[in-house]
Amino acid sequence: MEPPPPENNNAAALPFETAEKIILRWDSTASEEAREKMIFQSDRQEVDRYLLAVDEIQRSMSSTSISDDHNKLNSALQIAMARLEDEFRNILISHTNPIEADSLMTTDPSSSSRSISSNTEVDDEGTIADEEEEEDDDAAAADAEGDGDASSVSKGNKLLRYHSGESISVSNSSSSYRSTSSIREIDLIPSDAVYDLRSIAERMISSGYLRECIQVYGSVRKSAVDASFRRLGIEKLSIGDVQRLEWDQLEAKIRRWIRAAKVCIRTLFSSEKKLCEQIFHGIGTAIDDACFMETVKGPAIQLFNFAEAISISRRSPEKLFKILDLHDALMDLIPDIDIVFDSKSSESIRIQAAEILSRLAEAARGILSEFENAVLREPSKTMNELIVSKPSTGSRYSGDPSTPDLDFTELEGKNPLAIHLIWIIVILQFNLEGKSKHYKDASLSHLFIMNNIHYIVQKVKGSPELRAMIGDDYLKKMAGKLQQAATSYQRATWVKVLSCLRDEGLHVSGGFSSGVSKSALRERFKSFNAMFEEVHRTQATWLIPDSQLREELRISISEKLIPAYRSFLGRFRSHIESGRHPENYIKYSVEDLEAAVLDFFEGHPVSQHLRKRSQ
Amino acid sequence: MPATDYQGSFLGRISIRRNQVMAMEPNSHEQEVEDLELFQKHVSDRFSDLLSPPSDDSSPSDPLLSIAWLRKLLDMFLCCEAEFKAVLIMDRDPSQMTRPPLDRLVPELLERVVKALDICNALCLGVDSVRNVQKLAEIAVAALEQRPIGDGQARRAKKALNSLITAMMLEDKDGASAKSTERAWSFGRRGTSSTSAQKDRTAGLFRSPSCNMAKNWSAAKQIHAMSSNLVPPRGAEASGLASPVYIMSTIFVFVMWTLVAAIPCQERNGLGTHFPVPRQLAWAQPMIGLQEKIAEEWKKKEKKGSAGLLEEMQRLEKIGQSLIDFADGFQFPVEAERLEEVKTQVEGLADICRKMEEGLVPLQQQIREVFHRVVRSRAEFLDVLDQAGRLTAPTV
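Rules used throughout
- Residues numbered from 1 in each chain as written.
- Chains lettered and ligands numbered in written order.
- Predicted model: local features only at pLDDT ≥ 70, side-chain atom pairs only at ≥ 80, totals over all residues.
- Heavy atoms only, no water.
- Contact = heavy atoms within 4.5 Å.
- Salt bridge = Lys/Arg side-chain N within 4 Å of Asp/Glu carboxyl O.
- Polar contact = N/O pair within 3.5 Å; in protein donor to acceptor, adjacent residues only side chain to side chain.
- Helix = DSSP H or I, 4+ residues; strand = E, 2+ residues; numbered from the N terminus.
- Nonpolar A, V, L, I, M, F, W, Y, C, P; charged D, E, K, R; others polar.
- Buried < 20%, exposed > 50% of the residue type's maximum accessible area, 1.4 Å probe, protein only.
- Axes fitted to C-alpha atoms, helices over the stretch in contact; angles between N-to-C directions.
- Parallel < 35°, antiparallel > 145°, perpendicular 65-115°, else oblique.
- Left-handed = near helix turned anticlockwise from the far one by under 90°.
- Phe/Tyr/Trp six-rings, centres within 6.5 Å; stacked < 30°, edge-to-face > 60°.
- pLDDT = per-residue confidence, 0-100.

Draft legend 1. Highlighting the interface of chain A and chain B. Contacts between the two partners involve 45 residues from chain A, matched on the other side by 46 residues from chain B. Remark: the boundary between chain A and chain B carries eight salt bridges. Residues E138 of chain B and R211 of chain A are paired through a salt bridge, measuring 3.2 Å at the closest nitrogen-oxygen approach. In this assembly, chain A and chain B are joined by 16 residue pairs in polar contact (both at pLDDT 80 or more). The set of elements that each furnish at least two residues to the side of chain A that touches chain B consists of helix 4 (67-94), helix 9 (210-232), helix 10 (239-244), helix 12 (287-311), helix 14 (347-377) and helix 15 (379-388) of chain A. With eleven residues, helix 4 of chain A is the single largest residue contributor to the side of chain A that touches chain B. Partitioned by chemical class, the residues of the side of chain A that touches chain B number seven nonpolar, 16 polar and 22 charged.

Draft legend 2. Region of interest: unusual backbone geometry. Residue R147 of chain B is joined to P148 of chain B through a cis peptide bond whose omega torsion reads -5 degrees. Examined against the element boundaries, P148 of chain B turns out to sit in the loop between helix 3 (102-144) and helix 4 (151-170). Positive phi outside glycine occurs at A286 of chain A, with the angle close to 55 degrees. Along the chain, the position of A286 of chain A falls in the loop between helix 11 (247-280) and helix 12. One non-glycine residue with positive phi stands out, namely H581 of chain A, at about 45 degrees. Residue placement: H581 of chain A occurs in the loop between helix 21 (547-577) and helix 22 (590-597). Classification of H581 of chain A by relative accessible area gives partly exposed; the value is 47%.

Draft legend 3. Structural view of the packing of helix 2 (residues 67-89) of chain B against helix 11 (residues 336-387) of chain B. Residues and elements named next belong to chain B. Here helix 2 crosses helix 11 at 15 degrees, and the two axes come no closer than 9 Å. In this view, helix 2 runs roughly parallel relative to helix 11, as classed from their interaxial angle. Between helix 2 and helix 11 lies a crossing whose hand is left-handed. By residue class, the composition of the contact of helix 2 with helix 11 is 18 nonpolar, three polar and eight charged.

Draft legend 4. Layout of the environment of V361 of chain B. Considering the arrangement of structural elements, one finds V361 of chain B in helix 11. Sequence separation between V361 of chain B and C124 of chain B is 237 residues, and the spatial gap between their C-alpha atoms is 9.5 Å.

Draft legend 5. Geometry of the environment of E185 of chain A. Residues and elements named next belong to chain A. You can see E185 is positioned in the loop between helix 7 (156-160) and helix 8 (191-206). Given the relative accessible area of 2%, E185 is considered buried. Separated by 90 residues in sequence, E185 and L275 have C-alpha atoms that sit 9.5 Å apart.

Draft legend 6. How the structure looks around the packing of aromatic side chains. Residues and elements named next belong to chain B. Under the defined criterion, the tally for this structure stands at 24 aromatic pairs over all chains. Note on F77 and F252: the rings are 5.1 Å apart at their centroids and 80 degrees apart in plane angle, and the pair reads as edge-to-face. Here F77 is found in helix 2, whereas its partner F252 is found in helix 8 (residues 242-262), with 175 residues between them in sequence. Accessibility assignment for this pair places F77 and F252 in one class, buried. Aromatic side chains F326 and F330 sit 5.7 Å apart centroid to centroid with 85 degrees between the ring planes, which places their arrangement in the edge-to-face category. F330 shares its class with F326; the two are buried.

Draft legend 7. Representation of the confidence of the model for chain B in the model. All names here are of chain B. Chain-level statistics for chain B give a pLDDT mean of 77 and a share of 77% at 70 or above. Taken together, the stretch residues 1-27 has pLDDT below 50 and engages in 30 contacts with residues farther than four places along the chain or on a different chain. In the predicted structure, residues 203-207 sits below a pLDDT of 50 and forms 19 contacts with residues beyond four places in sequence or in another chain. On the interface metric, ipTM, the complex scores 0.81, and its pTM is 0.67.

In structure tokens, the structure reads:
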């Protein structure tokens, strides 16, 4: 960009005296006026003249040898540099806030929605947001794997999942790392400000004022990052604090940390790195690296300290899953960490992240092996401990505390890995049972259990090694649980529906063929219709992903429903048809019901009116 | 349960100091006593080294509380810790941990250990702030190394050195009373019109929240908490394993205390100077001697209200003040004599910067190493405690 030609001199330079005058005029230690205004907020001409003046001073320095003149030049240069430092700081400060608040919250790369205004809120410790995220992840997994599981069971899925997001390419950088799709930078400072900053940086650095420049940059940007941390809800907890907190509180913090860490690494830190490159690329050696580290080293350490504190907390069984969550999340992030912190000076951060990861893995392994030992020594006591071990919450292990589900005589003779696996499945089941209680509708919670147990059973059956390790006995046990859940479902849903089709209560006198209470009969039909419609409407939207299970459950419903209805109709239809408006009461034929049952568990809503084929 | 059942654990390792894994009762007791005495002697020797290190003309000893000296301290700590672990865990029946007095003493030690971990984190942050000071000093060196020294250089150096001195004051200022602020401003700040701007500038360096630990965290309080319940074993207990536990606890407290005194970290106001170790303990003499020396320095510094005792920082402060005076009264050109003086001081400054450049990052790495080692040892101790059948775990 060419500066506009000054009024009375040649276009390329200012004479020394003019340059010196300009510099002195803007000496902030000398005049009130100089302190009150900022050059870079004045008009463009002023800015260009000042920069030209600085250039002139610099140029003259290399050509003067007379000591007095040299002193004057030096003095002028120092004044100019001090001024530029203040200008630099001012430009940075005035571009610290606006962009971040919005983009940080909404550009969470791990959300499966790609729009900028995504709805993954970084909120406080509600489980709702967590389940939302899990559902998003599940949906993404479903798309990726073509597997329609509505409820992801195995933790292994998370390991395989690849977070996809968009990348915003950089205009002037040649780094290839931005092709990694999970990193998502934003522009922190508008490009005209970046241009100004760069102009200043060039001159400061070529005059030997590199250190001042780095320091100003680092201190302003570091405060900006700190402010973002606060908005992300990243807390500063000491290791002592973490040891003292109850595990449930820590679970919520871990959830929050995972969300925040993703944003930090993939957006916040990477954007800061981009900004450093935009301003300092090509000026001097590795200055952009130095500025980047100056800015993010402290915050990065603060971020990882929490994960570190969790990784060294005392091991106990109930911590296993959250520790695995943390481990998986960190593992997902390691490639991005390696990219963002790729310079030599940031090695310590990469190392710390890797150390925390291995400690978390070790902690998980330790919990498993501790449990194995405990199981071998005192099986039922350990199981009871596990079940009863959380005095302050009823959420996870709300099953019957008196009877463990596992018969430990079966475990004898099994190798440790098999025991681990069985134990994992046991804990999963406890977990599932706890989660199923979240459903208000009891039928749905039974269905949830059915879906998940079936999934586990299918997976085990599908792998000869797993099947050999876990053993058919245990598989039978699980099949039994499945059957139990199915029975519970039947009871929860169909008992009241089928009770409409009973004989009892319909006969007025002791007689058999006459003395049927028409009004009671009409009530029965009405109730049945209403209940069935309700069940049909609701449960058509429920999903049993596995077609075989779906089919089986429908068949077992039909087996009870259809004969009961057929026999009810057969016995009592004449009574209704002899009265008024029979169509209000006998709405459906047997065929209608058979067709309706086919709608169940498809996962689609159906139209309100059942098709009345027999009409 | 016999020790041989623990295959694969550290207890299954065969001690190189003994011929058999399971010695008979009378032998093992003698061995134990020998181990304890050896441990005590080693501790005493190492601290003697630190207190009055052997030196000759070719390799002058490192001054007390210099970066190099602190690194030696940390090395020594790691050695003591390794030996302690060997004494207490290797080839011992883990059920000893569940019997008095260890059933109380070991968990107490582990609680102290957790506090030490937080202190390590605070110290790493502190080393970062020392690095910031180093960078400011480097500006001054760059300015004053130029020949001739002109007005520009003098002003530049003065600006940097004022920021440096301010930073050193500020860092201890969090939570300190207004009185110390006054003290901080009362010297080294004559006639500069940009005082508040400077304060803003350096405030950015040191007030940034990520330079700090959790709110209300206080290094002084942590040290104080660590030294509670530090009571030497008496009578019969003194000849058993309670003794090395006490020794190690004391070492923990001393080393952390020393590091906190030297390296700026959050909230050192009120750092205690009383060391609760009885004088008559022979192995503790060198440690007590060191502690007294350092405590004296600390009290002196506290009165003057300046930053910690790191030897390089103290020298930096002195030279910095002197050079600020020089810059304040600067007249171009500088006369030859004055120039010589300044040259020497600038060389001193450059030397400090060099030492910091070479030593601070390794110091940080060493603190991290201590962190890791301590975490690992704690995990091993917890393992042993669990194995010994303690199902009701202590709250660490």
